[in-house]
Amino acid sequence: MTSLDLTASPIDLCAALVDTPSVSGDEAGLADAVETALREQAPHLEVLRTGDAVLARTHLGRGDRVLLAGHLDTVPIADNVPSRRDGHLLHGCGTSDMKAGDAVFLHLAATLPEPRHDLTFVFYDCEEVEAARNGLGRIEREHRDWLVADLAILGEPTNVGVEAGCQGTLRAEISTTGRRAHSARSWLGDNAIHNATPVLQRLAAYIARDVDIDGCVYREGLQAVRIAGGVAGNVVPDACVVTVNFRFAPDRDAAAAERHVREVFDGFDLAVTDLSPGALPGLTAPVTREFVAATGAVPSAKYGWTDVSRFAGLGIPALNYGPGDPNLAHTREENVDTRQITESVDVLRRFLR
């Protein structure tokens, strides 16, 4: 089993995490290593293993509790394991998303036995796959008492900026129908793909909102992301499906987002296939303001959906903060600037000590 030294350089720790493959659904080996390291090197923490997630927390009786969460899994490896270093850059699968964040949190777990806030650490599985498999959902169902905090910090890559809340996301399928015919005698049919033209026209004319919440501007977007139709090269098609994705500001709840999309495509057969609410910034909570002040950053809106939404749904103000460039996540050339790992450790230590 991989041996992790949580008290050594968090940069070396990040490399060790990357060198332990943990593609979604295959996190057991890394979870074993994390669990063993926490039990042996952080005796001040209560440790819980649930599936391939590892949780740890203090019981110091502090006035506030801060939850630090990171997923252990990565997307499939693209010939980028083991890790390699090039100056300040550490290359490898998961360096940015988000083993650098995990390394920061694990290092702090072992080296901050007396923090000013009580701490809960959550290292979970299956974030990179369908929501039904996400380890946070299992933890919420089976160990709800572990997900109690005054602030949750998700270590997603933000280039060590503070990204507050997140957009919600909705996917829907809009179906059009027609009548099949031989394409040589097309006037005998009714082309379902042609009948999708008004759907595309509404998308092209759509004007998205910009919404300012607590100084963070969330930009909405409604886009066609897939179109499917056609039977054969000589057949007028009788069915077509346009898939749309609506990224919405967190001032809309899930029901309001669905109502809006149905209004845009009124008159069409529409089925929602995926819907996850966003998360409000939560910047007004006292412990949140304290953390933002420690970073010295100006918070910005999170463009995209992250698990901060799950924490917000539990009533916990939640932020994205971590080393790494989100634009490099899931790429073959994924890497992290190791100076950001050092900065993240310093900022969080200043906030927590």
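All figures in this text were calculated on a predicted structure; none of them were measured in a lab.

Glancing now at the side chain of Glu35. Mapped onto the fold, Glu35 is located in helix α2 (residues 28-41). Accessibility expressed as a relative area gives 17% for Glu35, which makes it buried. For Glu35, the side chain forms a polar contact with the side chain of Arg49, separated by 2.8 Å. Dropping the residues within four chain positions of it, Glu35 is found in contact with Val47, Arg49 and Val54.

If you walk through the whole model with that rule in mind, you get 23 salt bridges. A salt bridge links Arg57 to Asp145, with the nearest nitrogen and oxygen atoms 3.3 Å apart. Residue Arg57 is found in strand β2 (residues 53-57), and its partner Asp145 is found in the loop between α4 (135-142) and β7 (151-154); the two are separated by 88 residues along the sequence. With relative accessibility at 47%, the residue Asp145 sits in the partly exposed group. Note that Asp79 and Arg332 form a salt bridge whose closest N and O atoms lie 3.4 Å from each other. Of this pair, Asp79 sits in the loop between β3 (65-71) and β4 (84-86) while Arg332 sits in the loop between β18 (318-320) and β19 (335-337), and the two are 253 residues apart along the sequence. What makes Asp79 exposed here is its relative accessible area of 74%. Look at the salt bridges and you will find they share partners, linking Asp32, Glu35, Arg39, Arg49 and Asp52 into a network.

Moving on, we get to the sheet that holds strand β1 (residues 46-50). Strand order in this open sheet of eight strands is β1-β2-β6-β3-β7-β18-β8-β17, and the pairing throughout is mixed. The outermost strands of the open sheet, each flanked by one partner alone, are β1 and β17 (300-301). Bridge analysis of β3 against strand β6 (residues 118-124) gives seven bridges, and the strand direction is parallel. Bridge pairing in β6 places His71 opposite Tyr124. Of the strands in this sheet, β1, β2 and β6 are in contact with α4, which crosses β6 at around 125 degrees. This element, helix α7 (residues 286-295), spans β3, β7 and β18 of the sheet and lies at about 40 degrees to β7.

Time to look at the UniProt feature "domain: Peptidase M20 dimerisation" (unreviewed entry) in the protein chain. Residues annotated by UniProt as "domain: Peptidase M20 dimerisation" (unreviewed entry) correspond here to residues 168-265. Secondary structure across residues 168-265 divides into 20% helix and 42% strand, with the first and last C-alpha atoms of the span separated by 19 Å.

On to the nonpolar core, then. By size, the foremost hydrophobic cluster in this structure holds 60 residues, and its most contacted members are Val34, Leu38, Phe121, Ile153, Phe291, Leu348 and Phe351. Sort the elements by how many residues they give to this core and helix α3 (residues 95-111) lands first, with eight residues. Leaving out residues up to four positions away in the same chain, Leu38 has contacts with Leu6, Pro43, Leu45, Val47, Val54, Ala56, Leu106, Ala109 and Phe123. Of all hydrophobic cores here, the second largest spans 21 residues; its members include Leu48, Leu67, Leu314 and Ala318.

Before going further, it helps to spend a moment on the state of the cysteines. The full count for this structure, using the stated rule, is zero disulfides. Free of any disulfide, Cys216 has its nearest cysteine sulfur in Cys166, 12 Å distant. The exposure class assigned to Cys216 is buried, which follows from its relative accessible area of 1%.

Calculation rules
Residues numbered from 1 in each chain as written. Predicted model: local features only at pLDDT ≥ 70, side-chain atom pairs only at ≥ 80, totals over all residues. Heavy atoms only, no water. Helix = DSSP H or I, 4+ residues; strand = E, 2+ residues; numbered from the N terminus. Buried < 20%, exposed > 50% of the residue type's maximum accessible area, 1.4 Å probe, protein only. Polar contact = N/O pair within 3.5 Å; in protein donor to acceptor, adjacent residues only side chain to side chain. Contact = heavy atoms within 4.5 Å. Salt bridge = Lys/Arg side-chain N within 4 Å of Asp/Glu carboxyl O. Pairing = 2+ DSSP bridges. Axes fitted to C-alpha atoms, helices over the stretch in contact; angles between N-to-C directions. UniProt positions renumbered as here; feature names shortened; annotations may be inferred. Core = buried A, V, L, I, M, F, W, Y, C linked by side-chain atoms within 4.5 Å. Disulfide = S-S within 2.5 Å.

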